[in-house]
Amino acid sequence: MEQRVLIIGACGQIGTELTLKLRDKYGTSNVVASDLKEGTPQLMTSGLFIKIDATDKEQIRNILVEFNITQVYMMAAMLSATAEKMPLRAWDLNMTALLTILELGKEGLYKQLFWPSSIGAFGPNSPHTNTPQDTIMAPTTVYGISKYSGEMWCQYYATQYGLDVRTVRYPGIVSYKTKPGGGTTDYAVEIYFEALKSRNYTCFLSEETTLPMMYMDDAIEATLSLMAHPKLQAYKAYNISGINFNPKEIADAIKKQIPEFKIEYQPDFRQAIADSWPQSIDDSQAKADWDWQPQFDLEKMTSVMLANCKPDM
Ligand code: AKB
């Protein structure tokens, strides 16, 4: 089927690479990128961009109708660390953006929606290692509460209105084209830029804080293959797992290529967020339902990051 795609939140860390990949896949004229702020030069010059507010229902409705959109990726959200600083704004943005696009889907204005959840949807009482697909959630961060509630809203629209909504629980995503902003896992991107720039990094998490992470290419592949999968039995926010590591392990991987690299640890408020999240998650259900398989390990990701990060970005 020919798709006409709208990405809302196209200029963020994941949105940028998703947009570029979707333009390759479906053709530039079939992909509309949108965000509140402009993105990287590559994103802005490689296709159509419309400035929008992810909570403005009428503006989004007009775009869906004008471009005859079939598929929407709702990527606009406030991440975990920023959300703890402005809880009500985070709740408002994260939930209004989702409910706006769900309502427009209920009206039949597009056919398929991707909405990302996160490992942040788990909480301190979830099993910490190999966290199952279906288990106790009870997130304790504002971001996590919005992600877990979002999963339940997606399920509601899927079962009550037959909307085709698809979701993965992203781990921390590592990439070099666009830096993440406001997340707890951002250290795993900053560390590469700083290793190249100053050979030094002060980490805001302690050295033994293991979290589930993933290289961007695997995250994009997971997203596109889930969206392309013909039929899923029921809505599910799928666990997807890539590489589990802590700051010491990533620093050691960098030292293999930059022996003079030094890391210090000064945990701040983000430590408590990280401590409430899993250290590894079980993605056997995703693997069984839609043949998902990650390609990057820590060594391969480190080589790609050190070869491509532009230290002045
Ligand atoms: C964050 O750190 O807030 C995000 C996430 C894990 O969802 N990267």
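S.K.: Can you explain the site of the ligand? Please cite residues and give values.
M.R.: Around the ligand, the surrounding shell consists of Leu 79, Ser 80, Ser 118, Ile 119, Tyr 143, Gly 183, Thr 184, Thr 185 and Trp 277. Side-chain polar atom of Ser 118 to an oxygen atom of the ligand: 2.7 Å apart, as the coordinates give it. In the model, a nitrogen atom of the ligand is placed 2.9 Å from a nitrogen or oxygen of the Thr 185 side chain. When isolated, the ligand has an accessible area of 250 Å², and the protein chains bury 93% of it. For the shell around the ligand, the class distribution of residues is four nonpolar, five polar and no charged. Both of domain 1 (5-173 + 214-239) and domain 2 (176-212 + 243-308) provide at least three residues apiece to the shell around the ligand.

S.K.: Before we move on, could you go through the domain arrangement of the protein chain and cite the residues and values that matter?
M.R.: Annotation of the protein chain at the domain level lists domain 1 (5-173 + 214-239) and domain 2 (176-212 + 243-308). For domain 1 and domain 2, the distance between their C-alpha centroids amounts to 22 Å. On the domain 2 side, the residues contacting the 46 residues of domain 1 number 35 residues. Applying the counting rule to domain 1 against domain 2 returns zero salt bridges. In this assembly, domain 1 and domain 2 are joined by 16 residue pairs in polar contact (both at pLDDT 80 or more). Those elements giving two or more residues to the side of domain 1 that touches domain 2 turn out to be α1 (13-26), α4 (80-85), β7 (164-170), β8 (172-174), β10 (211-215), α8 (216-228) and β11 (237-239). Across the side of domain 1 that touches domain 2, the residue classes break down as 18 nonpolar, 20 polar and eight charged.

Scoring rules and cut-offs
- Residues numbered from 1 in each chain as written.
- Predicted model: local features only at pLDDT ≥ 70, side-chain atom pairs only at ≥ 80, totals over all residues.
- Heavy atoms only, no water.
- Near = heavy atom within 4 Å.
- Polar contact = N/O pair within 3.5 Å; in protein donor to acceptor, adjacent residues only side chain to side chain.
- Areas by Shrake-Rupley, 256 points an atom, 1.4 Å probe, with all protein chains shown as cover.
- Nonpolar A, V, L, I, M, F, W, Y, C, P; charged D, E, K, R; others polar.
- Domains from an automatic or database assignment.
- Contact = heavy atoms within 4.5 Å.
- Salt bridge = Lys/Arg side-chain N within 4 Å of Asp/Glu carboxyl O.
- Helix = DSSP H or I, 4+ residues; strand = E, 2+ residues; numbered from the N terminus.

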